[in-house]
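Geometric and topological summary
Listed here are the chains, written in short residue letters.
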Amino acid sequence: MLLRNTTLGLILALCTLSAHAQTLLPVRELTIKSATITAEVAATPEALSKGLMHRPTLPPNHGMLFVFNPPAFQCFWMKNTLLPLSIAFIDNKGVITRITDMRPLDETAHCPPGDIAYALEMAQGWFRQNHIGTGDQLSGLPD
């Protein structure tokens, strides 16, 4: 009985680890005003296209930072994204140029006003709750 329980526990742990390993990305700490964010960094083509799709939850003060090198005009949609999100479009100096809310599973395009170097997705309302808006600057961004 002990061996069976241990084996079952090991199998469950490995399945959980495997599910997390599929979504693990580099993490970076960012600051905006007095707020600190733990952001997964999506910089590869695969990570950029997957984003936060299929995620059932997002921990408090966590988000995803999309990195575009070189800066480009990038629109976002919420196909296969289960969470309501807010997105901040950020220029190459780290300044927020637009923030918009996005609905789960909605395929409407959300676009920046021009080329961006970064986009930061957070739980919907996070920017408003932290009094962060257009013109505010992030620190800790990757080069």
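See the structure above.
Since the structure is predicted, the reported quantities are computational estimates derived from the model, not experimental observations.

What follows concerns the pattern of salt bridges. Within this structure, the stated rule accounts for four salt bridges. Put simply, Lys33 and Asp136 hold a salt bridge, and the shortest N to O gap is 3.5 Å. Here Lys33 is found in the loop between strand E1 (27-32) and strand E2 (35-42), whereas its partner Asp136 is found in the loop between helix H3 (126-129) and strand E7 (138-139), with 103 residues between them in sequence. Overall, Lys33 belongs to the exposed group, its relative accessible area being 54%. Exposure remark for Asp136: the relative accessible area of 16% places this residue in the buried category. Residues Arg128 and Asp101 are paired through a salt bridge, measuring 3.5 Å at the closest nitrogen-oxygen approach.

This brings us to the state of the cysteines. Summed over the entire model, instances satisfying the criterion amount to one disulfide. The residue that forms a disulfide with Cys75 is Cys111, at a sulfur-sulfur distance of 2.0 Å. Between Cys75 and Cys111 the disulfide shows an S-S torsion of about 110°. By sign, it is right-handed. With Cys75 in the loop between strand E3 (62-72) and strand E4 (85-90) and Cys111 in the loop between strand E5 (96-102) and strand E6 (116-123), this residue pair connects regions lying 36 residues apart in the sequence. Accessibility expressed as a relative area gives 35% for Cys75, which makes it partly exposed. By relative accessible area, which is 24% here, Cys111 ends up partly exposed.

Per the counting criterion, the structure on display carries four aromatic pairs. Consider the rings of Trp126 and Phe127, whose centres lie 5.3 Å apart with planes at 90°: the pair is edge-to-face. Here Phe127 falls in the buried class, since its relative accessible area comes to 1%. Of the aromatic side chains, those joined through ring pairs into one cluster are Phe66, Phe68, Phe76 and Phe89.

This part covers the layout of surface pockets. Its boundaries defined by the atoms lining it, the second largest pocket holds a volume of some 260 Å³. Around the second largest pocket, the lining comprises 17 residues; the ones closest to its centre are Leu48, Ser49, Phe66, Phe76 and Trp77. If you tally residues by element for the lining of the second largest pocket, the top one is helix H2 (residues 45-50), at three residues.

Within E4, six of the six residues are buried, which leaves it mostly tucked inside the rest of the structure. Inspection of the sheet shows E4 paired to E5 by six bridges, in the antiparallel sense. Directly across from Leu85, in E5, lies its bridge partner Met102. Connecting E4 to the next strand, E5, in antiparallel fashion are five residues, including Gly94 with a positive phi near 90°.

Below, the discussion takes up the sheet that holds E2. Paired through backbone hydrogen bonds, the strands of a sheet run either parallel or antiparallel to each other. Reading across the sheet, the seven strands line up as E5-E4-E6-E3-E2-E1-E7 and stay open at both edges, with mixed pairing between neighbours. Across the chains shown, the open sheet's two edge strands, defined by having one partner strand only, are E5 and E7. Bridge analysis of E1 against E7 gives two bridges, and the strand direction is antiparallel. Bridge assignment links Thr31 to a residue of E7, and that residue is Ser139.

About the thresholds
- Residues numbered from 1 in each chain as written.
- Predicted model: local features only at pLDDT ≥ 70, side-chain atom pairs only at ≥ 80, totals over all residues.
- Heavy atoms only, no water.
- Salt bridge = Lys/Arg side-chain N within 4 Å of Asp/Glu carboxyl O.
- Helix = DSSP H or I, 4+ residues; strand = E, 2+ residues; numbered from the N terminus.
- Buried < 20%, exposed > 50% of the residue type's maximum accessible area, 1.4 Å probe, protein only.
- Disulfide = S-S within 2.5 Å.
- Phe/Tyr/Trp six-rings, centres within 6.5 Å; stacked < 30°, edge-to-face > 60°.
- 1 Å grid on protein atoms, 1.4 Å probe; cavity = no way out; pocket = protein on both sides within 12 Å on 5 of 7 lines; lining within 4 Å.
- Points joined across faces, edges and corners; volume = space filled by probe spheres on them.
- Pairing = 2+ DSSP bridges.

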